[in-house]
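The chain contents come next:
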Amino acid sequence: MAQTAQMALPRFVQLKDVPALRQVTLLLGVAFAVALGLWGYRWAQQPVYAPLYSGLADRDAADVAAALRAVGVPFRYEPGSGVVSVPQDQLDQARLSLAEQGLPRSGGIGFEIMQQNQGFGTSQFIENARYQHALETELARTVTSLQPVRAARVHLAIPKPSAFARSEGTPSASVLVELHPGRQLEQSQVASIVHLVASSVAGMPASAVTVIDQYGRLLSNQGGDEGVARSAEQLEHTRRLESDYVRRIHELLAPMLGPGRVSAQVTADMDYSVTEEARETYNPDPAKLRSEQIVEDTTRGSKTAVGIPGATSNQPPQASANPPLNSAVATGDDVHNQSRQMIRNYELDRTVSHTRQSVGRIRRLSVAVLVDHVPRPKPGGNPGETEPVPLSAEELAKVEALVREAVGFNAQRGDSVSVQNAPFVAAELSAPEPLPFWQQPQMREILRQIGGAMLVLVLILFVLRPALRSLLTAPVGVPSAKALPGAIDAGAVQVLGENSPASGHAPAALPAQNSYEQKLQIARSAVVQDPKRVAQVVKNWVAQEG
């Protein structure tokens, strides 16, 4: 192996000394250096891409790509991870453009799966599973269309009907909603989602639908927690009422005192008890006669049987001077039978009332308002210079009167209003510590530019410049001084001995078979005789090989 390497080395040296091959090699090196420099410049000018969305389905990725092409924003898409990246300086513009078009949408497949070819051997189970998945996707799309909802997932539990079961199971559903930052769902919106899902599945009651958010909080009202849900609704109503009063106070006082100079708090004591009252009242005034009816029956002087009942009393009396004791003798003025009947109708006042007190009545309001000092022109100061001045008693009274009117002050209800004037303490926020220059976002782009410029400069100075110099100054047909290790060519020795001042005439040409020692001796003698010429020869060598 060593002998083979020693034999191949002279051949390699001979190929290296071929002028045409050397020029071709230099040209290839120059071309490679130019290509590398262009690539480095392009890499330095290429923008930094930042992820716009991740985990997109193919359908959403296609919609996002079409929208970005329409607005002229370059992008990159990674099919494996579903990441869409755009230049970092156009990230906000791309998000706003996509949000305007409602992208990205949910990536699930809904009822459009029915348009696909189902295949000849599809079983009933697969068809039912596809239908349920499509129904879940459609419900999730509908829920996502609500403004506070960013994304939604719906899971349906539909029991399989059976002819052998006496009672079938009740279907149920679970809804997971992902809300936008800073948004929340009202109870009415949650109830709308519950009834929407329950109405989309046959036989599903609203109580079987559960709604939670991305933080695991239960949003739907379950039947077992009616008292807790009612308390939450009452608390929410109270907070909403207090916030409305605070808003009224700020809107009323801000034009007079300036924005940010009023701090108000309202506490409302609410009564949520339900009271029902039925009352029947009669007027205590004297009764008034409406109608009167009197019936009288009187019998006067009638000859009726008087005495002991019997045969004697039933017979007509005989004329005698002494009538019997049991005979009926009546005079015309005697009243034998008299009856009297009276009916009177009076007007009576009657009031029947059924009262139900309203839920959420305000029992008492407590209002506290803190007012900042108002800036006034500084006496004796420069024009436009101001200083904070406390409010006068009259101004405080005006502010208190405005607050009373804004909240509907009622003294009989026990409302209280307190207005105080004090300077606000400005919160002094310490400036954030600046990041080191190597951690700043713009430094990455600057370093890319500098790196590209340095790469191009290094290629020009250390690759292109020496290569061009070698192509332009290398003599054709003159072998290199490094053809053999440690040897000096005869041509160089001849140059050294030419026109030597010591000889005074041109020496004869040296034979080609001179040994190494002879060549070395001639070179040493030339250095001693003419050191300047030797220095010029060495300088030319360095220039050629550099």
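Each chain has its residues counted from 1, running along the sequence as written. Reporting in this predicted model follows two pLDDT cut-offs: at least 70 for local features of residues, and 80 or more for side-chain atom pairs to be given and counted; totals over whole chains, interfaces and linings ignore these cut-offs and use all residues. By convention in this description, side-chain values take in all heavy atoms of the structure and omit both hydrogens and water.

S.K.: Explain the pattern of salt bridges here, please?
M.R.: Any two side chains of opposite charge can pair if their charged atoms end up close together. Salt bridges are defined as contacts in which a side-chain nitrogen from Lys or Arg sits within 4 Å of a carboxyl oxygen from Asp or Glu. Taken as a whole and judged by the stated rule, the model has 16 salt bridges. Taking the shortest distance from any N to any O, the salt bridge between Arg 247 and Glu 251 comes out at 3.3 Å. Remark: Glu 251 and Arg 247 occur in helix H7 (residues 226–257); sequence separation between them is four residues, near one turn of the helix. With its nearest N and O atoms 3.1 Å apart, the salt bridge here joins Arg 404 to Glu 400. Here Glu 400 and Arg 404 lie together in helix H9 (residues 393–407), a separation of four residues that amounts to about one turn. Helix and strand definitions here come from DSSP, where helices need a minimum of 4 consecutive H or I residues and strands a minimum of 2 consecutive E residues; each element is numbered from the N-terminal end.

S.K.: It is not clear to me how the side chain of Asp 271 should be interpreted in this structure. Could you clarify?
M.R.: Relative to the helices and strands, Asp 271 is located in strand S7 (residues 262–271). Exposure remark for Asp 271: the relative accessible area of 11% places this residue in the buried category. Identification of polar contacts relies on pairs of N or O atoms within 3.5 Å, with a donor-acceptor requirement for protein atoms, meaning one able to donate a hydrogen and the other able to accept it, and with residues adjacent in sequence counted only if both atoms are side-chain atoms. A distance of 2.7 Å separates a polar atom in the side chain of Asp 271 from a polar atom in the side chain of Ser 273. At a separation of 2.6 Å, a polar atom in the side chain of Asp 271 contacts the side chain of Arg 361. Here the term buried applies to any residue with accessible area under 20% of the maximum for its type, exposed to any over 50%, and partly exposed to those in between, with areas from a 1.4 Å probe on protein chains only.

S.K.: Mind showing me how you'd approach the sheet that holds strand S3 (residues 83–87) here?
M.R.: Strands sit in the order S1-S3-S2 across an open sheet of three strands; the sheet is antiparallel. The sheet is open, and its two edges are formed by strand S1 (49–53) and strand S2 (76–78), each paired on a single side. Taken over all neighbouring pairs, the strand axes of this sheet differ in orientation by 35° on average, direction set aside. Two strands are counted as paired when DSSP detects at least two bridges linking them. Judged from the three bridges that link them, S2 and S3 form a sheet pairing that is antiparallel. Opposite Glu 78, over in S3, you have Val 83 as the bridge partner. Note on definitions: a residue-residue contact is assigned when non-hydrogen atoms from the two residues lie within 4.5 Å. What counts as an axis is a line fitted to C-alpha atoms, over the stretch in contact for a helix, and the angles between N-to-C directions run from 0 to 180 degrees. On the sheet, helix H3 (residues 58–71) packs against S1, S2 and S3 and is oriented at approximately 15° with respect to S3.

No statement about biological role is implied by the geometric values presented.
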